[in-house]
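# Chains, contacts and geometry: an overview
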Amino acid sequence: MRSRGRGRVGWGKIALFSLCLVPLAYIAWKFATDRLGANPIRELEIETGLWTLRLLAVTLAATPVRRTFGWNWITKYRRVLGLFTFFYASVHLSMWVGVDWFFAWGDMGEEIVKHKYILIGMTTWLIMVPLAITSTTGWVRRLGKRWTALHRLVYAAAITGTVHYLWAVKKDTFFPVVYLAVFAMLLAYRVIAARRRSHRASTPRSAASVAA
Amino acid sequence: MLIKKPDDVRPSEITPERGYLSRRTFLAAAGVAAAGVAVSGRIASAIGGPPGGRQAERPNTWEEITGYNNYYEFGTDKEDPAANSGKFRTRPWTVKVDGLVKKPADYHFEDLVKPYKLEDRVYRFRCVEAWSMVIPWQGIPLAEMVKRFEPLPSAKYVQFTTIYAPDQMPGQRERILPWPYVEGLRMDEATHPLTLMVTGLYGKTLPNQNGAPLRLIVPWKYGFKGIKAITRISFVDKQPANTWQIANPDEYGFYANVNPEVDHPRWTQASERRIGQFRRQKTLMFNGYADQVASLYAGMDLRKNF
């Protein structure tokens, strides 16, 4: 597919935008029609949190998928996916701040200090903030190589986010462990790929030194 | 041979719930007061309803109480117990009473409850997960049952055991918790007038997802003390184990008294969300039953004995 001119939004992006909004629309529909059970506020938090992790996994899978299948067109959708991950994380946090605690700042402060799963959840969101801010083309250009280094933080967010989930559940840790395994695999892929690349890059030089 | 079966249909079952609600609360309060049961006025007021000064505490709806349950034997999601407990067999049901008692026996459920008049008790229910409800239970004060078993003076604690039936309880086929579920109370807690052996809800037979046919309710303790589907009651001289403490001793203790001062590592215990309400509310010491039960723990360090 040929890339279109900058500033124009292709049909692919419109479709992806709509797709990314489907979970939120579904959650909103369930809320509006009283399908979230007896404790809807808790369900809103759980659902938006889970979708944050799911979208994060999809975002991180973009590069391995591109390399494996040679689907280079995926690159231009990665930013949309990343920003939607941040969007769901922010909705998740807003539920906690504005609905669960109804802006009781003092109580929320205590929660953050006393409960480590809240602290690590908050940390996860804070890690994502600079990534969202520097997601624009301007920032990518301005930061150059440092942009790539900065955006490796997304793996830190994946791990802290999943630990947040793990610590939040009482006993049935099956799904948090599944998410943790998925992120570990995605991270392992990147580490192995990077090592291979640096190995390939260093090979000619070492070959040259042997010849000399 | 004539075997008298318990009445299947109680008058309350054919009363519309809405009308029943107000009438029943009135009758319950009046009944308790008029019956002259050997309870103090403070106990009676605790039974009739939560103390004044707070926002009106109306009982939660039948749908809320029967659709949002922690009952890991039937699954870990709140909706699982309602979905998975439909075929659970509560008859025939036997309760084994053993240990330090003069009258150990295997009681048929019907024989166990027959001698008593069922009482209606509207209690606050506070889950350790920081949500709460107001629930109109129906049951028998445990103190009266205990009297009948004639515990020996050496009996200091009561241990309760849930049925082990992995063929009927899908959760028991997974090692989420050590099965069967066990719970315990100190003798003075077990015989406290507020402690109830529950057989009904809203005047109807207790639904399976709420712990049928027989469950414990100790309204000043976190919900997990309210062991469900009880099949054994043992009188012992040492503090018995309870399942959540075995599973996670840093987070759950033996006493599990509702205490806004002592936080759980995961959930704040200072406030709670009443199911059906938007705003959180402050959690009360002993779940608002301090006047009735605080004396049980006089001189104890509640931070250590959580």
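Relevant structure appears above.
The present account deals with the structure reproduced in this document. This is a predicted model, so every value here is computed, not measured. (Residues numbered from 1 in each chain as written. Chains lettered and ligands numbered in written order. Predicted model: local features only at pLDDT ≥ 70, side-chain atom pairs only at ≥ 80, totals over all residues. Heavy atoms only, no water.)

## Let's talk about the overall build of chain B
When helices and strands are tallied, chain B shows nine helices and 12 strands. Only carbon and sulfur atoms are counted for the fraction: they give 55% of the accessible area of chain B, which is about 13,600 Å². (Helix = DSSP H or I, 4+ residues; strand = E, 2+ residues; numbered from the N terminus. Areas by Shrake-Rupley, 256 points an atom, 1.4 Å probe, with all protein chains shown as cover.)

## Structural notes on the pairing of strand 6 (residues 182–186) of chain B
Residues and elements named next belong to chain B. Of all five residues in strand 6, five are buried, a share of seventy percent or more. Judged by which residues are buried, strand 6 turns out to be covered on both faces: V182, G184 and R186 on one side and E183 and L185 on the other are all buried. Pairing analysis gives five bridges linking strand 5 (residues 157–162) to strand 6, with the strands arranged antiparallel. Among the inter-strand pairings, Q159 is bridged to a residue of strand 6, identified as G184. (Buried < 20%, exposed > 50% of the residue type's maximum accessible area, 1.4 Å probe, protein only. Pairing = 2+ DSSP bridges.)

## A closer look at helix 6 (residues 142–149) of chain B
One full turn of an α-helix is made of 3.6 residues, so residues set three or four places apart face in the same direction. Residue and element names in this part refer to chain B. All of the buried residues in helix 6 are L142, A143, M145, V146 and F149. Along the long axis of helix 6, the arc covered by the buried residues comes to 160°, so they all point the same way. Two residues or fewer after helix 6 comes E150, characterised by a positive phi angle close to 55°. (Arc of directions from axis to C-beta.)

## Quick word on the packing of helix 4 (residues 105–114) of chain A against helix 5 (residues 116–133) of chain A
Residue and element names in this part refer to chain A. Between helix 4 and helix 5, the least distance of the axes is 5 Å, while the angle of their chain directions is 100°. One element, helix 4, and the other, helix 5, form an angle in the roughly perpendicular class. Residue-level inspection shows E111, I112 and K114 of helix 4 in contact with helix 5, the latter providing K116, I118, L119 and M122. Classifying every residue of the contact of helix 4 with helix 5 by side-chain character gives four nonpolar, no polar and three charged. (Axes fitted to C-alpha atoms, helices over the stretch in contact; angles between N-to-C directions. Parallel < 35°, antiparallel > 145°, perpendicular 65-115°, else oblique. Contact = heavy atoms within 4.5 Å. Nonpolar A, V, L, I, M, F, W, Y, C, P; charged D, E, K, R; others polar.)

## Thoughts on the packing of helix 1 (residues 11–32) of chain A against helix 2 (residues 40–69) of chain A
Residue and element names in this part refer to chain A. Remark: helix 1 packs on helix 2, axes separated minimally by 11 Å, with the N-to-C direction vectors making an angle of 170°. It follows from the interaxial angle that helix 1 and helix 2 lie roughly antiparallel. Side by side, helix 1 and helix 2 meet where C20, P23, I27 and F31 of the first sit next to P40, L44, E47, T48, W51 and L55 of the second. Its residues placed into classes, the contact of helix 1 with helix 2 shows eight nonpolar, one polar and one charged.

## Side note on the packing of aromatic side chains
Scanning the model with the defined rule gives 30 aromatic pairs over all chains in all. Pairing A:F86 with A:W125 gives two aromatic rings, centres 5.9 Å apart and planes at 20°, and the pair type is stacked. Placement of A:F86 in helix 3 (residues 75–100) and of A:W125 in helix 5 is noted, with a sequence separation of 39 residues between them. Relative accessible area serves as the criterion here: at 23%, A:W125 is assigned to the partly exposed category. For the pair B:F224 and B:Y252, a centre-to-centre distance of 5.3 Å together with 80° between the ring planes defines the contact as edge-to-face. Of this pair, B:F224 sits in the loop between strand 9 (215–217) and strand 10 (230–236) while B:Y252 sits in the loop between helix 8 (243–247) and strand 11 (271–274), placing them 28 residues apart in sequence. Grouped by ring-pair contacts, the aromatic residues B:Y157, B:F254, B:Y255, B:F286 and B:Y297 constitute a single cluster. The ring of A:W51 has A:R54 sitting right over it, with the charged end atom 4.6 Å from the ring centre. Directly above the aromatic system of B:Y289 lies the positively charged group of B:R124, at a separation of 4.7 Å from the ring centroid. (Phe/Tyr/Trp six-rings, centres within 6.5 Å; stacked < 30°, edge-to-face > 60°. Lys NZ or Arg CZ within 6 Å of the ring centre and 35° of its normal.)

## Focus: the nonpolar core
Among the nonpolar cores identified, the biggest contains 79 residues, and B:W137, B:F160 and B:F235 are the most heavily contacted of them. Here this core gets five residues from one element, more than from any other, and that element is strand 4 (residues 131–141) of chain B. Non-local contacts of B:F160, meaning those with residues more than four positions away in its chain, are made with B:L142, B:Y181, B:V182, B:E183, B:G184, B:L185, B:M197, B:L216, B:I227, B:I230, B:R232 and B:I233. The next biggest cluster of nonpolar side chains, apart from the first, holds 14 residues, and it includes A:L50, A:L53, A:L56 and A:A158. (Core = buried A, V, L, I, M, F, W, Y, C linked by side-chain atoms within 4.5 Å.)

## Comments concerning a negative patch on the surface
A cluster of like negative charges, contributed by A:D172, B:D77, B:E79 and B:E174, occupies part of the molecular surface. Following the sequence through the fold, B:E174 ends up in the loop between strand 5 and strand 6. Look at B:E174 and you get partly exposed, because its relative accessible area is 45%. (Patch = residues over 30% accessible without salt bridge, like charges linked within 9 Å, V, L, I, M, F, W, Y side chains within 5 Å. Salt bridge = Lys/Arg side-chain N within 4 Å of Asp/Glu carboxyl O. Lys, Arg positive; Asp, Glu negative; His and termini not counted. Charge placed at Lys NZ, Arg CZ, Asp CG, Glu CD.)

## Overview of a positive patch on the surface
Residues and elements named next belong to chain A. Where like charges cluster on the molecular surface, the positive patch consists of R67, R78, R152, R196, R197 and R200. By residue number, the principal contributor to the positive patch is helix 9 (residues 174–211), which donates three residues. Judged by its relative accessible area of 55%, R196 is exposed.

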